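Reading the structure
Here are the chains, one letter per residue:
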Amino acid sequence: MDELNGKLIACQILITGLIARVANEQRDPLRFLTDFRDEIKAVVNGVNIVGMDNTDRVRALAQKTVDELFSLMKSPSSD
């Protein structure tokens, strides 16, 4: 289980880096990140989760993960 958690964390870091890289290429990176976060949250809300008794808990955890990913990103420095 620790190996799986490590791989998931690595995947989250990779995704965060890719999103940040794309955001930096945009004219308005903060707006891009906000719009992208909102789109991802909409996808999480609309995903059909089957085979689980408590899908609300799974969905809430997915929303929390999205929030954590985007909280890792800060607005670009003015340097």
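The shown structure was predicted, so the numbers you read here are calculated from the model rather than taken from an experiment.

1. Considering the overall build of the chain
- Helices and strands together make up the secondary structure of the chain, namely 3 helices and 0 strands.
- Going from N to C terminus, the chain has its helices and strands arranged as α-α-α.
- Counting only residues that meet the buried cut, the chain has 15% of its 79 residues in that class.
- In the form shown here, the chain has an accessible surface area of approximately 6500 Å², with 55% of it arising from carbon and sulfur atoms.

2. Section: helix α2 (residues 29-46)
- For α2, spanning 18 residues, the distance from its first C-alpha to its last is 26 Å, which sits close to the expected 26 Å at 1.5 Å a residue.
- Within α2, the full set of buried residues consists of Pro29, Leu33 and Val44. Relative to the axis of α2, the buried residues are bounded by an arc of 50 degrees and lie together on one face. Exposed residues pointing more than 90 degrees away from the buried face of α2 are listed as Arg31, Glu39 and Gly46.

Calculation notes
- Residues numbered from 1 in each chain as written.
- Predicted model: local features only at pLDDT ≥ 70, side-chain atom pairs only at ≥ 80, totals over all residues.
- Heavy atoms only, no water.
- Helix = DSSP H or I, 4+ residues; strand = E, 2+ residues; numbered from the N terminus.
- Buried < 20%, exposed > 50% of the residue type's maximum accessible area, 1.4 Å probe, protein only.
- Areas by Shrake-Rupley, 256 points an atom, 1.4 Å probe, with all protein chains shown as cover.
- Expected span 1.5 Å × (residues − 1).
- Arc of directions from axis to C-beta.

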